[in-house]
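# Remarks on the overall topology
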Amino acid sequence: SALPRPVVAVYGTLSDLLSVASNKLGIKATSVYNGKGGLIDDIALIRNTIFLIITVSLICVDPQTDGRPHEELTGSHTDWLTLNVGGRYFTTTRSTLVNKEPDSMLAHMFKDKDAWGNKQDHRGAFLIDRSPEYFEPILNYLRHGQLIVNDGINLLGVLEEARFFGIDSLIEHLEIAIKNSQPAEDHSPISRKEFVRFLLATPTKSELRCQGLNFSGADLSRLDLRYINFKMANLSRCNLAHANLCCANLERADLSGSVLDSANLQGVKMLCSNAEGASLKGCNFEDPSGLKANLEGANLKGVDMEGSQMTGINLRVATLKNAKLKNCNLRGATLAGTDLENCDLSGCDLQEANLRGSNVKGAIFEEMLTPLHMSQSVR
């Protein structure tokens, strides 16, 4: 005689039927078949009787599948995967890799099985030749949507991996995190103590580059600053008295209001520098070897250069309006196109100086050592 068979009421959806059958029969019902072995995928197909007799043999688990769930066999996104990333193993689900960023490289790699021909190691883990320490925050982000990075992990490395895998929403989070993690720029001026320490730590023969640095208000007096590149540096209101700036590069530097009295400026380059209101009394621009100081285009409004040695200096198209050049040695100096308006040139030696096209309106030439001749074409 036939064994008694459990009876299950058919109602609702096919999922409801499978759930009730699982509870009644004590198994995991994943599929329902009819008496002829045909798969029933719609509850509407069961319509010839009020009750359906379901046996274990009719709710089938294919023995060839080793009992694996139906979702895994049909390629659903909920099956588990193991990844071998740079030698480190990560276990996750296909849905984690696919759902959050469906257009990413990871999603395309694992959306359809073997669509990319992913290589696997001897343990069946999918091989990915990337950095595991940078991959871990990316995987966690795909799991829960939060950017969490352990101490010691470089955010720039994680950002590079996010770009590689095409995790667009994470890229924006990382860029913000990197920006927030950077210390605020320190624009405070460099002190004398800091700079002296810097000088002592630099080999004598090494080129010292201080372009664009802020020395505003610093006391750099009596320091050996030869050959240093101060291009575009802020040296406003600095004390550079008695400093040795021989052959230093001060191009486009800000020297406004600074004190350079008695400084050595042999062969200095001060093209287009701003020294408005600075004091350069008793400075030496004259190089015995013939190397000439170049102050072409410099702003020297209101400077006090009294008693300075400036033989052969290049002041072409510089602005010396209201400047004090009393008793300066300007022998052979280039002053072509220079603005000398209201400039005090009394007691200056201007022998062989080139004043062609210069503006000497209101300039004082009293007690000049060398008379100014009309052949010099001043205006």
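Residues numbered from 1 in each chain as written. Predicted model: local features only at pLDDT ≥ 70, side-chain atom pairs only at ≥ 80, totals over all residues. Heavy atoms only, no water.

On to the overall build of the protein chain. Counting its regular elements, the protein chain contains eight helices and seven strands. Relative to its 379 residues, the protein chain shows a buried fraction of 41%. Across the protein chain, contacts joining residues at least 24 apart in sequence account for 29% of those joining residues at least 6 apart. Summing over all exposed atoms, the protein chain offers an accessible surface of approximately 21000 Å²; the carbon and sulfur share of this is 49%. (Helix = DSSP H or I, 4+ residues; strand = E, 2+ residues; numbered from the N terminus. Buried < 20%, exposed > 50% of the residue type's maximum accessible area, 1.4 Å probe, protein only. Contact = heavy atoms within 4.5 Å. Areas by Shrake-Rupley, 256 points an atom, 1.4 Å probe, with all protein chains shown as cover.)

Inspection of every chain in the model, using the stated rule, returns eight aromatic pairs. For the cation-ring pair, Lys-100 lies above Tyr-141, with the distance from its terminal atom to the ring centre recorded as 5.1 Å. Against the face of Phe-164 rests Arg-130, its NZ or CZ located 3.6 Å from the ring centre. (Phe/Tyr/Trp six-rings, centres within 6.5 Å; stacked < 30°, edge-to-face > 60°. Lys NZ or Arg CZ within 6 Å of the ring centre and 35° of its normal.)

Where helix 5 (residues 132-144) contacts helix 6 (residues 155-165), the axes come no closer than 9 Å and their chain directions differ by 65 degrees. In terms of orientation, helix 5 lies roughly perpendicular with respect to helix 6. Between helix 5 and helix 6 the crossing geometry is right-handed. Together, Tyr-134, Phe-135, Pro-137 and Ile-138 of helix 5 and Gly-157, Val-158, Glu-161, Ala-162 and Phe-165 of helix 6 make up the contact between the two elements. (Axes fitted to C-alpha atoms, helices over the stretch in contact; angles between N-to-C directions. Parallel < 35°, antiparallel > 145°, perpendicular 65-115°, else oblique. Left-handed = near helix turned anticlockwise from the far one by under 90°.)

On to the environment of Lys-119. Topologically, Lys-119 is positioned in the loop between helix 4 (105-110) and strand 7 (126-128). Residue Lys-119 is classed as exposed on the basis of its relative accessible area of 62%. Every residue in contact with Lys-119, bar those within four places of it in the chain, is listed here: Ala-125, Phe-126 and Leu-127.

Taking 1.5 Å of rise per residue, the 14 residues of helix 7 (residues 168-181) would be expected to cover 20 Å, and the 20 Å separating its terminal C-alpha atoms lies within 8% of that figure. Every buried residue belonging to helix 7 is among Leu-170, Ile-171, Leu-174 and Ile-178, and all of these are buried. Buried residues of helix 7 fall within an arc of 105 degrees about the axis and therefore sit on the same side. For helix 7, the exposed residues set more than 90 degrees away from the buried face come down to Glu-172, Lys-179 and Asn-180. (Expected span 1.5 Å × (residues − 1). Arc of directions from axis to C-beta.)

Before going further, it helps to examine the pairing of strand 5 (residues 80-85). As paired elements, strand 5 and strand 6 (residues 88-93) share six bridges and run antiparallel to each other. Considered in strand 6, the bridge of Asn-84 is made with Tyr-89. In this structure, the hairpin formed by strand 5 and strand 6 is closed by a connection of two residues, where Gly-86 is found at a positive phi of approximately 60 degrees. The sheet contact formed by strand 5 and strand 7 spans three bridges and is parallel. (Pairing = 2+ DSSP bridges.)

As a further point, take the sheet that holds strand 7. Spatially, 6-5-7 is the arrangement adopted by the three strands of the open sheet, whose pairing is mixed. Either end of the sheet is taken by a strand with one partner, and the two such strands are strand 6 and strand 7. Strand-to-strand twist in this sheet, taken as the mean axis angle between neighbours without regard to direction, amounts to 30 degrees. Along the sheet, helix 5 makes contact with strand 5 and strand 6, crossing strand 6 at roughly 10 degrees.

Bringing the pattern of salt bridges into the picture now. Enumeration according to the criterion identifies eight salt bridges in this entry. One salt bridge connects Arg-192 with Asp-219, and the closest N-O pair in it is separated by 3.7 Å. Within this pair, whereas Arg-192 is found in helix 8 (residues 192-200), its partner Asp-219 is found in the segment after helix 8, the two being separated by 27 residues in sequence. Here Asp-219 falls in the partly exposed class, since its relative accessible area comes to 33%. As a salt-bridge pair, Asp-224 and Arg-226 come within 2.8 Å of each other at their nearest N and O atoms. (Salt bridge = Lys/Arg side-chain N within 4 Å of Asp/Glu carboxyl O.)

Once that is clear, we can look at unusual backbone geometry. Positive phi outside glycine occurs at His-242, with the angle close to 65 degrees. As for its placement among the helices and strands, His-242 is situated in the segment after helix 8. His-242 sits in the partly exposed class, given a relative accessible area of 40%. Look at Asn-322: it is not a glycine, yet its phi comes out positive at around 65 degrees. Of note, Asn-322 is situated in the segment after helix 8. For Asn-322, a relative accessible area of 44% puts it in the partly exposed group.

Time to look at helix 5. Its 13 residues give helix 5 an end-to-end C-alpha distance of 19 Å, which sits within 8% of 18 Å, the value for a rise of 1.5 Å per residue. Within helix 5, the full set of buried residues consists of Pro-132, Tyr-134, Phe-135, Pro-137, Ile-138, Leu-139, Asn-140, Tyr-141 and Leu-142. For helix 5, the secondary structure elements touched by its buried residues are strand 5, strand 6, helix 3 (94-98), helix 4, helix 6 and helix 7. The first or second residue beyond helix 5 is Gly-145, which carries a positive phi of 80 degrees.

All right, on to the confidence of the model for the protein chain then. Residues at a pLDDT of 70 or more form 74% of the protein chain, whose mean pLDDT is 82. Of all helices and strands in the protein chain, the one with the weakest mean pLDDT is helix 2 (residues 70-73) (41), whereas helix 5 scores best (94). Throughout residues 49-77 the model reports pLDDT below 50, and contacts reaching past four residues in sequence, or to other chains, amount to 43 contacts. Confidence drops under pLDDT 50 across residues 373-377; counting only partners more than four residues distant or on other chains, this segment forms seven contacts. (pLDDT = per-residue confidence, 0-100.)

Take the packing of helix 6 against helix 7 next. The contact between helix 6 and helix 7 brings their axes to 9 Å, and the two run at 165 degrees. In this view, helix 6 runs roughly antiparallel relative to helix 7, as classed from their interaxial angle. Along this stretch, helix 6 crosses helix 7, giving a crossing that reads as left-handed. Contacts between helix 6 and helix 7 involve Leu-155, Leu-156, Val-158, Leu-159, Ala-162 and Arg-163 on the former and, on the latter, Leu-170, Ile-171, Leu-174, Glu-175, Ala-177, Ile-178 and Ser-181. Considered class by class, the residues forming the contact of helix 6 with helix 7 number 10 nonpolar, one polar and two charged. (Nonpolar A, V, L, I, M, F, W, Y, C, P; charged D, E, K, R; others polar.)

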